[in-house]
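Summary of structural features
For reference, the chains in residue letters:
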Amino acid sequence: DTGVSQDPRHKITKRGQNVTFRCDPISEHNRLYWYRQTLGQGPEFLTYFQNEAQLEKSRLLSDRFSAERPKGSFSTLEIQRTEQGDSAMYLCASSTQGAGAKNIQYFGAGTRLSVL
Amino acid sequence: DQQVKQNSPSLSVQEGRISILNCDYTNSMFDYFLWYKKYPAEGPTFLISISSIKDKNEDGRFTVFLNKSAKHLSLHIVPSQPGDSAVYFCAASATTGGFKTIFGAGTRLFVKA
């Protein structure tokens with residue numbers, strides 16, 4: 001399977017703990033995105049990378065959130081000092097940049113975070 | 001500020017009939033629009049897209065219509081099949097905006113056999 005993979009699929013943590021999620025994009029894709037989705041809502045943009053460069057970060061994103069894509073391949077999303085409001089599905093997506101290519105993103109199945 | 005709105009949380013349609021899902025947007029800079037389909041426990045999957053230079057794009061049973069003056073797009077599925085039952089997200093992006101994509105809240109489609 002060469003799709004986008006996310007690990008773990010589920011994470012339960014206590015308030016105040018740090019968590020880290022991993023995303024492995026489709027190998028030839030140079031763009032990688034993180035989204036957060038809560039019940040009844042669509043994916044909410046968090047940040048995106050082109051290769052290893054983080055080009056945009058949502059203004060709504062707390063300083064407790066940080067993302068990296070050190071070698072332009074996999075990415076990690078870390079949430080420090082988790083709060084109950086961080087409970088959500090965290091989705092990763094990747095896309096390719098090319099002549100005439102449009103921004104069709106391919107999503108992973110997501111990591112569901114529950115903060116107790 | 002919801003830039004992409006899907007005002008119908010759910011839609012129920014009989015198998016074989018047409019399903020019409022609607023989406024409105026507010027940002028005139030959006031120039032590319034997409035529809036994604038999501039089944040439970042899976043990530044969204046791309047369904048169909050349309051560029052702002054077109055007003056219609058068709059792919060099999062799926063057609064997307066774009067009305068730029070009204071800032072409105074719709075997805076038509078005909079004929080609808082039970083396997084089409086899923087959540088459908090409308091999404092929009094602006095080429096000048098770095099390809100950030102804004103999603104609507106989704107419409108859950110039920111196709112009854």
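Cut-offs applied
- Residues numbered from 1 in each chain as written.
- Chains lettered and ligands numbered in written order.
- Predicted model: local features only at pLDDT ≥ 70, side-chain atom pairs only at ≥ 80, totals over all residues.
- Heavy atoms only, no water.
- Pairing = 2+ DSSP bridges.
- Helix = DSSP H or I, 4+ residues; strand = E, 2+ residues; numbered from the N terminus.
- Contact = heavy atoms within 4.5 Å.
- Buried area = accessible area lost by both parts, 1.4 Å probe.
- Salt bridge = Lys/Arg side-chain N within 4 Å of Asp/Glu carboxyl O.
- Polar contact = N/O pair within 3.5 Å; in protein donor to acceptor, adjacent residues only side chain to side chain.
- Buried < 20%, exposed > 50% of the residue type's maximum accessible area, 1.4 Å probe, protein only.

Residue and element names in this part refer to chain A. Summarising the sheet, strand E5 (residues 44–50) and strand E6 (residues 53–57) pair through four bridges and their orientation is antiparallel. Bridge pairing in E6 places Tyr 48 opposite Glu 56. Counting the residues that bridge the hairpin from E5 to E6 gives two residues, and of these Asn 51 lies at a positive phi of roughly 55°.

Moving on to the sheet that holds strand E8 (residues 72–77) of chain B. Strand order in the open sheet made by the five strands is E1-E3-E8-E7-E6 (chain B), with antiparallel pairing throughout. The open sheet is flanked by strand E1 (4–5) and strand E6 (56–59) of chain B, the only strands paired with a single partner.

Next up on the list: the interface of chain A and chain B. At the junction of the two partners, chain A supplies 20 residues and chain B supplies 18 residues. Around 1600 Å² of area is buried between chain A and chain B when both sides are counted, 59% of it from carbon and sulfur atoms. Considering only the surface of chain A that becomes buried against chain B, A:Asn103, A:Ile104 and A:Phe107 emerge as the three largest contributors, covering 27% of it. Inspection of the region where chain A meets chain B yields one salt bridge. We note a salt bridge from A:Glu56 to B:Lys100, for which the minimum N-O separation is 3.2 Å. At the junction of chain A and chain B, the tally comes to four residue pairs in polar contact (both at pLDDT 80 or more). Elements with a minimum of two residues in the side of chain A that touches chain B: strand E4 (31–37) and E5 of chain A.

Before going further, it helps to examine the side chain of A:Gln37. Looking at the element boundaries, A:Gln37 is found in strand E4. For A:Gln37, a relative accessible area of 11% gives the class buried. Other than its neighbours up to four places away in sequence, A:Gln37 contacts A:Gly42, A:Pro43, A:Ala88, A:Met89, A:Leu91, B:Lys38 and B:Phe89.

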